[in-house]
Amino acid sequence: MPLSRHVSDDAGTGDPSRPAESAEAREPRHFEAADADDADEEARPWRLKTDTDDEKPRKRGSFLRELVIIVGCVLLLTWVLQTFIARQYVIPSESMENTLHGCTGCTNDRIVIDKLVYRFHDPEPGDVVVFKAPTESWMGDWNSPRSTNPVVRGFQEGLSWFGFAPPNENNLVKRVIATGGQTVECHNAEGVGVKVDGKVLDEPYIDQDLQRANTGGQQPPPCLGDDFGPIKVPAGHVWVMGDNRLNSADSRFHIEDEYQGTVPVDDIRGKVRFIIYPFSRIGGVDAVNPQN
């Protein structure tokens, strides 16, 4: 009868002449299916598994390890950049205005110097450079930025390696006027300004209005300061001056020292390339050769 065939099909035989299997008889098939799933998981190790409590510590340790590696790589890259390629400095004074701004109570320019360029050739006239004070006469009222506490001082030294603290040296910024072997001089009586090897310089970077302001509105002297020279620059040295000539304690003020005011090329930290802050002054810094 149709009813009997229907019951037989539900029982899983599909054959009316075969008796239906009992529940106990079907149970081994259930376990066989579970065993097959386990074997399938072993054969496919890539199969996703539900996280367990044992896996969480391993994941946390993996994250911390990756974080340490990332931070270490960033610090290494920063050290290489600051040591061999470029470094940031803050302009401390008005001696290079209007090329570079720096004054008490204002937003001083932040600059980036190129540390690679002088590995391939020496500084040239017109380059704006950052250099370490070469003699005691250049030190002025400079004070070390380091703490007297040895622990804090060591921490500050470590930060300076990565550019997060200033170096422990008196750095200045000026423009190269003459290089090794050249003779520089200026005599107000001649009325022509600074000369190198007897040729009068063309210095468009000097703001004459600013110089008149420095003298209270009076016409400044041709040398924009006292007479000096002639001085022959030693080989491996440069003669530097500020663009704000009447407000710059440059090579002219150190003629009595052991280098006659010149700066050893080895003390030059790099060539000024860019102003990066404040945003209103972002841009390149020109190297204008005054001897052309």
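Look up: the structure comes first, before these words.
Residues numbered from 1 in each chain as written. Predicted model: local features only at pLDDT ≥ 70, side-chain atom pairs only at ≥ 80, totals over all residues. Heavy atoms only, no water.

(A) Main features of the overall build of the chain. What the chain contains, in helices and strands, is five helices and twelve strands. Sequence-distant contacts in the chain: of pairs separated by 6 or more residues, those separated by 24 or more amount to 71%. In the form shown here, the chain has an accessible surface area of approximately 17,900 Å², with 54% of it arising from carbon and sulfur atoms. (Helix = DSSP H or I, 4+ residues; strand = E, 2+ residues; numbered from the N terminus. Contact = heavy atoms within 4.5 Å. Areas by Shrake-Rupley, 256 points an atom, 1.4 Å probe, with all protein chains shown as cover.)

(B) Layout of the state of the cysteines. As enumerated under the stated definition, the model contains two disulfides in all. Paired by a disulfide, Cys103 and Cys106 hold their sulfur atoms 2.1 Å apart. Under the relative-accessibility criterion, Cys103 is labelled partly exposed at 24%. Here Cys186 is linked by a disulfide to Cys223, with a sulfur-sulfur distance of 2.0 Å. Every disulfide takes its handedness from the sign of the S-S torsion; for Cys186 and Cys223 that torsion is -105°, giving left-handed. Here Cys186, found in strand β5 (residues 183–186), pairs with Cys223, found in the loop between α5 (208–214) and β8 (228–232); they are 37 residues apart in sequence, far enough to count as distant. With its disulfide-bonded cysteines labelled consecutively along the sequence, the chain is connected as 1-2, 3-4. (Disulfide = S-S within 2.5 Å. Buried < 20%, exposed > 50% of the residue type's maximum accessible area, 1.4 Å probe, protein only.)

(C) Geometry of the pairing of strand β3 (residues 128–132). Taking burial as the measure, the five residues of β3 include four buried ones, the bulk of the element. Inspection of the sheet shows β3 paired to strand β4 (residues 171–179) by five bridges, in the antiparallel sense. Bridge pairing in β4 places Lys132 opposite Asn171. The pairing of β3 with strand β11 (residues 268–277) spans three bridges and is classified as antiparallel. Residue pairing for β11: Val129 is matched across the bridge by Lys271. (Pairing = 2+ DSSP bridges.)

(D) Summary view of helix α4 (residues 150–161). The end-to-end C-alpha separation of α4 is 17 Å, in line with the 16 Å expected for twelve residues at 1.5 Å each. Within the span of α4, buried status applies to Gln156, Gly158 and Ser160. Among the structural elements, β1 (86–90) are those in contact with the buried residues of α4. Of the residues that open α4, the one with a side-chain oxygen 2.8 Å from the backbone nitrogen of Val151 is Asn149. Gly163, located one to two residues past α4, shows a positive phi value of around 80°. (Expected span 1.5 Å × (residues − 1). Polar contact = N/O pair within 3.5 Å; in protein donor to acceptor, adjacent residues only side chain to side chain.)

(E) Here's a closer look at a nonpolar patch on the surface. Among the surface-exposed residues, Leu76, Trp79, Leu81, Phe84, Ile85, Leu116, Phe120 and Trp161 lie close enough to one another that they form a single nonpolar patch of about 810 Å² accessible area. Within the secondary structure, Trp161 sits in helix α4. Under the relative-accessibility criterion, Trp161 is labelled exposed at 52%. (Patch = residues over 30% accessible without salt bridge, like charges linked within 9 Å, V, L, I, M, F, W, Y side chains within 5 Å. Salt bridge = Lys/Arg side-chain N within 4 Å of Asp/Glu carboxyl O.)

(F) Looking closely at the pattern of salt bridges. Taken as a whole and assessed by the stated rule, the structure comprises eleven salt bridges. Residue Lys271 pairs with Asp127 through a salt bridge whose shortest N-O separation is 3.5 Å. You can see Lys271 sitting in strand β11 and its partner Asp127 sitting in the loop between β2 (110–114) and β3, a full 144 residues away along the chain. For the pair shown, Lys271 and Asp127 are each scored as buried.

(G) Just the sheet that holds β8, in detail. Spatially, four strands are ordered β7-β6-β5-β8 in an open sheet, and the strand pairing comes out antiparallel. Pairing within the sheet leaves two strands with one partner each, and these edge strands are β7 (199–200) and β8. Bridge analysis of β5 against β8 gives three bridges, and the strand direction is antiparallel. What sits directly across from Val184, in β8, is Ile231.

(H) Spotlight on the layout of surface pockets. Estimated volume of the largest pocket: approximately 400 Å³. Taken together, 22 residues form the lining of the largest pocket, with Gln88, Tyr89, Val90, Pro166 and Pro167 sitting closest to its centre. For the lining of the largest pocket, the elements supplying multiple residues, two or more each, are β1, β2 and β4. Here the element with the most residues in the lining of the largest pocket is β1; it accounts for four residues. Along the lines of polarity and charge, the residues of the lining of the largest pocket split into 14 nonpolar, five polar and three charged. (1 Å grid on protein atoms, 1.4 Å probe; cavity = no way out; pocket = protein on both sides within 12 Å on 5 of 7 lines; lining within 4 Å. Points joined across faces, edges and corners; volume = space filled by probe spheres on them. Nonpolar A, V, L, I, M, F, W, Y, C, P; charged D, E, K, R; others polar.)

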